Amino acid sequence: MQRRNLISFSRSVTNTLLNSTSPASSSSPSASLLLDSYCEDDLHVDIYSNNRAIDSFIKSGSLASALHLFEKMPMRDVVTWNMLINGYRQHDLPKQAFQFYNEMVFQGIRESSSTFSTVLSACSNAGLYQEGIQVHCRVIFLGFSSNLFVAGSLIDLYMQMKDCDTAFRLFGYLPARNLAIYNLVLRGLREFSRSEWLFTLYFTMKEECIEPNGLTFCYLIHRCVDGRFWDEGKQLHCYAFKIGWIEANLFAANALVDFYSACGNLIEAKKSFEAIRDEDVISWNSIVSAFAASGLLSDALELFARMQSWGKKPSIHSFVGFLHAASGFDNIIFGKQIHCHVVKLGFVFGSVHVESALINMYGKCGDIESSVSVFESVPERTLEICNSLMSSLLHCGVVEDVLEMFGLMVDEGIGVDGVSLSTALKASLVSGYGSLACCRLLHCCAIKSGFEFDTAVSCSLIDAYSKYGHVEFSRQIFEQLHSPNAICFTSIINGYARTGMGREGLEMLEIMTNKGLKPDRVTFLCILTGCSHSGLVEEGRSVFNSMKSVHGIHPDRQHYSCMVDLLGRAGLLDEAEDLLEHAPEKSDSVMCSSMLRSCRIHGNSVVGRRAAEALMELEPEDPAAFLQASSFYSEIGEPEISMQIREIAIAKRMMREFGYSLFEVNSHC
């Protein structure tokens, strides 16, 4: 807020000064470049030749010689100062560069656009944000706000500060924009998880007759990767092929491999890879990771061997892809082999990506001790490392430690991002200490840190609020999303299903399909659950039948279980039993338990007997199954069978775990 007030104050002062006085460069001798000195030819020649000499010294790496010559010069111009400031910036001495800039201003030398661009770049890279804001005030005062080079440096500064709102506001103030400015903002949108605006900005760019380049294409195709936008990605592929970027731009070609890999189309991914004339390590990493992520480890290892035989040295990302495959398919033996290989090659020490992948791999494979061991051996605990441990702890059910880890990251100044917040929200949902107040607190953290529009965070918040019975808050969060993807729609549909609002879930499904988004298995599972809880038999039957005929998705065991529950609740027990028998997979205890519960409600002893027998056969060691069967026989007037089942349970020494409930009273955030 202070920064914005400072900028606003500077703008008002600037307007007043410009309206009441003439430019400093024409009225004040202290602010001029002492142009009278240039009347003497020898001085002019000396400044020009000395500037060239300083430039040569800086390019050769001799900053001390450049400084020595600078100090000997009797007269200097803005070019001289710019070269020294840029020299310090290039030699990673940003504080000295800023000190030189201060001295330049103190001596009355008026800055040029190159001065501001260099100084702002130094402030951005070194984290000198307060100094950068001071330079911004100077930019406004001297009227350089509309200069594209200066504006680009300012936008980059505020992006580095994570103040994306100010950065985008500066972009909006520009009377004209070029390709470099657009690419800078596109990069920022993706980095700040606001990639839903990428296509909107792209269309604005086209309206202004600014032609994109290969870098623009990379940002757009990665948006398709993030959102699994198949149709948009194919259109971009056609456009890139027409323009000639696929052959001319290696990064664009590699981005296509990533896109098809993310969408699960290995055939197109391999075609895109083979179309690359001069494959580099990035190309090989992309295709190896694609096959590994799809579980085709033998093919991935074969490609990995070919990669090395062709003289391409494997990089960190090659092994990260294998570690992700090991965690994805719960193959800890393969993961340990990769761990040994990266240790042998020396990649494990100091590589955040490898360390993070190792923590994630061991955690996803259930070996939380090894995961914690890798974490404790890390010399520096970065945000990515901590996020991996949080995810591993959540996967292994150590949910209290997840929330403790989140607090530790905040206290130690490591910071949080969308992954941290999403993981903490998921942990709070399954933790005994989770509450609506905890959800609100994490929501406040998301808003404060600028991640309230992050897709993962938004979906977790939608789930959390709906679980605590506040589906209206879930709907508000969903409506604030600029461009919700299929996962967001699935989350809100699940929220409606959880609270018995099946008809609203069906409306969201229609909106989702009208937007061109494709529902997946989870989406249909949530829809069927909502129909079951709301008694929407005909609607549920229609959705179930459309899965295969319209969307090409074959219902699995969980979908059949939802339909059995839906039909059973409606009293259509014969149809439910028939559906149960025709399920593609063998019926499980969940289906039989649902059937038995429906038989108890509707008093169907014939179907109920078969369901009770099947349930006890499927769960011979589960006390809940025997208790449910015993209660059923007692209700239909057969106490002898009921007592026999109870005696069997006692003989097997079955112990029923007692449940508990938590009530939150007068909760306040």
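Structure: see above.
This is a predicted model, so every value here is computed, not measured.

Chemist: I'd like to hear about the overall build of the protein, residue by residue, with values.
Modeler: When you go through the protein residue by residue, the secondary structure sums to 39 helices and zero strands. Counting over 669 residues, the protein shows a buried share of 46%. Partitioning the contacts of the protein with sequence separation of at least 6, the portion at a separation of at least 24 is 61%. If you sum the accessible surface of the protein, you get close to 33700 Å²; carbon and sulfur atoms cover 54% of it.

Chemist: Break down the packing of helix α36 (residues 589-602) against helix α38 (residues 623-635) for me, citing the residues and quoting the values.
Modeler: Between α36 and α38, the shortest axis-to-axis distance is 10 Å and the interhelical angle comes to 20 degrees. Classed by the angle they form, the pair α36 and α38 counts as roughly parallel. The two elements α36 and α38 meet at a crossing, and its hand is left-handed. Each of Ser593, Leu596, Arg597, Cys599 and Arg600 in α36 lies in contact with α38, whose residues at this interface are Gln628, Ala629, Ser631, Phe632 and Glu635.

Chemist: So what about the state of the cysteines? Which residues, and what values?
Modeler: As enumerated under the stated definition, the model contains zero disulfides in all. Cysteine Cys459 is unpaired, with the sulfur of Cys488 as its nearest cysteine sulfur at 3.8 Å. Cys459 gets classed as buried once you look at its relative accessible area, which sits at 7%.

Chemist: Describe the packing of aromatic side chains, and please don't skip the residues or the numbers.
Modeler: Overall, the coordinates contain 17 aromatic pairs when judged by the stated rule. Ring plane angle 50 degrees and centroid distance 5.7 Å describe the contact between Tyr202 and Phe203, whose orientation is recorded as tilted. Residue Tyr202 is classed as buried on the basis of its relative accessible area of 10%. An aromatic cluster is built from Phe70, Trp81, Tyr88 and Phe100, whose rings are joined through pairwise contacts. Its end group placed over the ring of Phe70, Arg76 keeps NZ or CZ at 4.2 Å from the ring centre. Over the face of the ring belonging to Phe171 we find Arg177, whose NZ or CZ atom lies 4.5 Å from the ring centre.

Chemist: How would you sum up unusual backbone geometry? Please name residues and give values.
Modeler: Unusually for a residue other than glycine, Asp92 sits at a positive phi of about 55 degrees. Structurally, Asp92 is set in the loop between α5 (78-90) and α6 (94-106). Classification of Asp92 by relative accessible area gives exposed; the value is 64%. For Asp330, which is not a glycine, the phi torsion comes out positive at approximately 55 degrees. By secondary structure assignment, the location of Asp330 is in the loop between α20 (316-328) and α21 (332-345).

Chemist: Explain α21 to me, and be specific about the residues and the numbers.
Modeler: Here α21 contains 14 residues, and its C-alpha end-to-end distance of 20 Å stays within 8% of the 20 Å for a straight helix at 1.5 Å per residue. Elements that come into contact with the buried residues of α21 comprise α19 (297-309), α20, α22 (352-364) and α23 (368-377). Where α21 ends, the next residue or the one after it, Gly346, has phi of about 80 degrees, a positive value.

Chemist: Which residues make up the side chain of Ser491, and what values do they have?
Modeler: Within the fold, Ser491 resides in helix α30 (residues 486-498). With residues up to four places along the chain from it excluded, the contact list for Ser491 reads Cys459, Ile462 and Asp463.

Chemist: So what's going on with the pattern of salt bridges? Residues and values would help.
Modeler: Within the structure shown, the criterion is met by 15 salt bridges. Put simply, Arg503 and Glu539 hold a salt bridge, and the shortest N to O gap is 3.5 Å. Here the residue Arg503 occupies a position in helix α31 (residues 502-514), and Glu539 occupies one in helix α33 (residues 537-549), the gap between them amounting to 36 residues. When its relative accessible area of 45% is taken as the criterion, Arg503 is described as partly exposed. Relative accessible area serves as the criterion here: at 27%, Glu539 is assigned to the partly exposed category. We note a salt bridge from Glu538 to Arg541, for which the minimum N-O separation is 2.8 Å. One end of the pair is Glu538 and the other is Arg541, both in helix α33 and three residues apart, which spans about a single turn.

About the cut-offs
Residues numbered from 1 in each chain as written. Predicted model: local features only at pLDDT ≥ 70, side-chain atom pairs only at ≥ 80, totals over all residues. Heavy atoms only, no water. Helix = DSSP H or I, 4+ residues; strand = E, 2+ residues; numbered from the N terminus. Buried < 20%, exposed > 50% of the residue type's maximum accessible area, 1.4 Å probe, protein only. Contact = heavy atoms within 4.5 Å. Areas by Shrake-Rupley, 256 points an atom, 1.4 Å probe, with all protein chains shown as cover. Axes fitted to C-alpha atoms, helices over the stretch in contact; angles between N-to-C directions. Parallel < 35°, antiparallel > 145°, perpendicular 65-115°, else oblique. Left-handed = near helix turned anticlockwise from the far one by under 90°. Disulfide = S-S within 2.5 Å. Phe/Tyr/Trp six-rings, centres within 6.5 Å; stacked < 30°, edge-to-face > 60°. Lys NZ or Arg CZ within 6 Å of the ring centre and 35° of its normal. Expected span 1.5 Å × (residues − 1). Salt bridge = Lys/Arg side-chain N within 4 Å of Asp/Glu carboxyl O.

Don't take any of this as a statement about function, it's just geometry.
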